[in-house]
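Coordinate inspection notes
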Amino acid sequence: MTEKKRNTLIFMLLSSIADVVMTLVIIAALCVLVTFVLKMVHVNNGQVYIFSWMACFIAGIVIAVIVFARVCSHVIERFNLVDKLDERALGKYLPNGKRIQYADSTESSGQPKKRKTVMPDSVLPKDEADPWDLREPSSPPSHSDASTEQPSVQHE
């Protein structure tokens, strides 16, 4: 196992544990806050509490996803983990703009490397003539006057 893969595995394990803990803390904080507000308003209906807690659960998950993405991005930049983690893992934790920026490693001049498109030989153009082309190789496609001529209508 290479060092990048090991670092990526450790980072993913720790970030997953932190994500679960952070999600539970956010959901619990929202539930406590909503329960406190409902007690202050003197709501005694149990269905209101159940609906409020379900809304807190959904809102907590959404908030946790947003916060987790920002925290991971900040941790990767703060501790300079771009060079230490696998590029595929960076794609999961970094926003789109930063992902493109870090996907190309920079050369010694500081400029990003240019990507080279590598295509399989089967799709590359060949110098030989196309065996399915029935025209003469040197003649351009011809459009005869007969094909554009309007059919004549005969009246009896």
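Just so it is clear, the structure is predicted and the values come from calculations on it, not from any experiment.

1. As for the overall build of the protein
When helices and strands are counted, the protein shows five helices and zero strands. Starting at the N terminus and walking to the C terminus, you meet the elements of the protein as α-α-α-α-α. Looking at the protein residue by residue over its 156 residues, the buried ones come to 19%. Considering only residue pairs separated by 6 or more positions, the protein has 55% of its internal contacts joining residues 24 or more positions apart. For the protein, the accessible surface area stands at approximately 13,400 Å², while carbon and sulfur atoms represent 62% of it.

2. Concerning the environment of Lys92
Its place among the elements puts Lys92 in helix α3 (residues 87-93). Looking at Lys92, the relative accessible area reads 58%, which means it is exposed.

3. Details of a nonpolar patch on the surface
A cluster of nonpolar side chains, contributed by Phe57, Ile58, Ile61, Val62, Val65 and Ile66, occupies part of the molecular surface with about 550 Å² of accessible area. Within the secondary structure layout, Phe57 lies in helix α2 (residues 46-78). Among the residues examined, Phe57 registers a relative accessible area of 44% and is labelled partly exposed.

4. Digging into the nonpolar core
In terms of nonpolar packing, the biggest core is built from 13 residues, with Phe11, Ile76, Leu85, Leu90 and Tyr93 touching the most fellow members. Looking at this core, the elements with two or more residues in it are α1 (3-40), α2 and α3. Per element, the largest residue contribution to this core is four residues, and it comes from α2. In this structure, Tyr93 is in contact with Phe11, Met12, Ser15, Phe68, Ala69, Cys72, Ser73 and Ile76, ignoring residues within four places of it in sequence.

Cut-offs applied
- Residues numbered from 1 in each chain as written.
- Predicted model: local features only at pLDDT ≥ 70, side-chain atom pairs only at ≥ 80, totals over all residues.
- Heavy atoms only, no water.
- Helix = DSSP H or I, 4+ residues; strand = E, 2+ residues; numbered from the N terminus.
- Buried < 20%, exposed > 50% of the residue type's maximum accessible area, 1.4 Å probe, protein only.
- Contact = heavy atoms within 4.5 Å.
- Areas by Shrake-Rupley, 256 points an atom, 1.4 Å probe, with all protein chains shown as cover.
- Patch = residues over 30% accessible without salt bridge, like charges linked within 9 Å, V, L, I, M, F, W, Y side chains within 5 Å.
- Salt bridge = Lys/Arg side-chain N within 4 Å of Asp/Glu carboxyl O.
- Core = buried A, V, L, I, M, F, W, Y, C linked by side-chain atoms within 4.5 Å.

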